[in-house]
Amino acid sequence: MRLILAIVLPFVVFFTIRRPFQGFFCLLLQLTLIGWIPAAIWAVYSLSQYNTDKKIKAATKDKV
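Residues numbered from 1 in each chain as written. Predicted model: local features only at pLDDT ≥ 70, side-chain atom pairs only at ≥ 80, totals over all residues. Heavy atoms only, no water.

- Turning to the protein chain, the UniProt record has this under Sequence similarities (unreviewed entry): "Belongs to the UPF0057 (PMP3) family."
- As stated in UniProt under Subcellular location (unreviewed entry), the record for the protein chain gives "Membrane". (UniProt positions renumbered as here; feature names shortened; annotations may be inferred.)

Below is the structure:
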């Protein structure tokens, strides 16, 4: 669901992963038609990093 949101409304994804400053910056980038594609790519990349960080935390939590 977040992946679709990252493509359609990239700035919203940053607020869902608790990065409000990046969300505001992405909104400014998204307001230009040319900036929509880089904003969407950035949101998808950040979402994948967020998911990877969650998996790493879960894996290290289980080890301890």
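### Topic: the overall build of the protein chain
So, point 1. What the protein chain contains, in helices and strands, is 4 helices and 0 strands.
So, point 2. Counting from the amino terminus, the protein chain carries its helices and strands in the arrangement α-α-α-α.
So, point 3. C-alpha extents for the protein chain along the principal axes are approximately 45 × 20 × 15 Å.
So, point 4. In the protein chain, buried positions account for 25% of the 64 residues.
So, point 5. Put simply, 45% of the contacts in the protein chain that link residues at least 6 apart link residues at least 24 apart. (Helix = DSSP H or I, 4+ residues; strand = E, 2+ residues; numbered from the N terminus. Buried < 20%, exposed > 50% of the residue type's maximum accessible area, 1.4 Å probe, protein only. Contact = heavy atoms within 4.5 Å.)

### Things to note about unusual backbone geometry
So, point 1. You will see that Arg18, though not glycine, has its phi angle at about 65 degrees, which is positive.
So, point 2. By the secondary structure assignment, Arg18 is in the loop between helix 2 (10-16) and helix 3 (20-30).

### Quick notes on a nonpolar patch on the surface
So, point 1. On the surface, Leu3, Ile4, Ile7, Val8, Leu9, Trp36, Ile37 and Ile41 cluster together into a nonpolar patch covering about 760 Å² of accessible area.
So, point 2. Looking at the nonpolar patch, the elements with two or more residues in it are helix 1 (2-8) and helix 4 (36-63).
So, point 3. In terms of residues, the nonpolar patch owes the most to one element, helix 1, which gives 4 residues.
So, point 4. Locating Ile4 in the fold gives a position in helix 1.
So, point 5. Classification of Ile4 as exposed rests on a relative accessible area of 56%. (Patch = residues over 30% accessible without salt bridge, like charges linked within 9 Å, V, L, I, M, F, W, Y side chains within 5 Å. Areas by Shrake-Rupley, 256 points an atom, 1.4 Å probe, with all protein chains shown as cover. Salt bridge = Lys/Arg side-chain N within 4 Å of Asp/Glu carboxyl O.)

### Comments concerning the UniProt feature "transmembrane region" (unreviewed entry) in the protein chain
So, point 1. Here, the residues flagged by UniProt with the feature "transmembrane region" (unreviewed entry) are residues 28-47.
So, point 2. As annotated, residues 28-47 comprises 75% helix and 0% strand, and the C-alpha atoms at either end are separated by 19 Å.

### Examining the nonpolar core
So, point 1. Membership of the largest hydrophobic core is limited to 10 residues, which are Ala6, Phe11, Val13, Phe14, Ile17, Cys26, Ala39, Ala43, Leu47 and Tyr50.
So, point 2. Broken down by element, this core gets its largest block of residues, 4 residues, from helix 4.
So, point 3. The residues contacting Phe11, other than those within four sequence positions of it, are Gly23, Cys26, Leu27 and Gln30. (Core = buried A, V, L, I, M, F, W, Y, C linked by side-chain atoms within 4.5 Å.)

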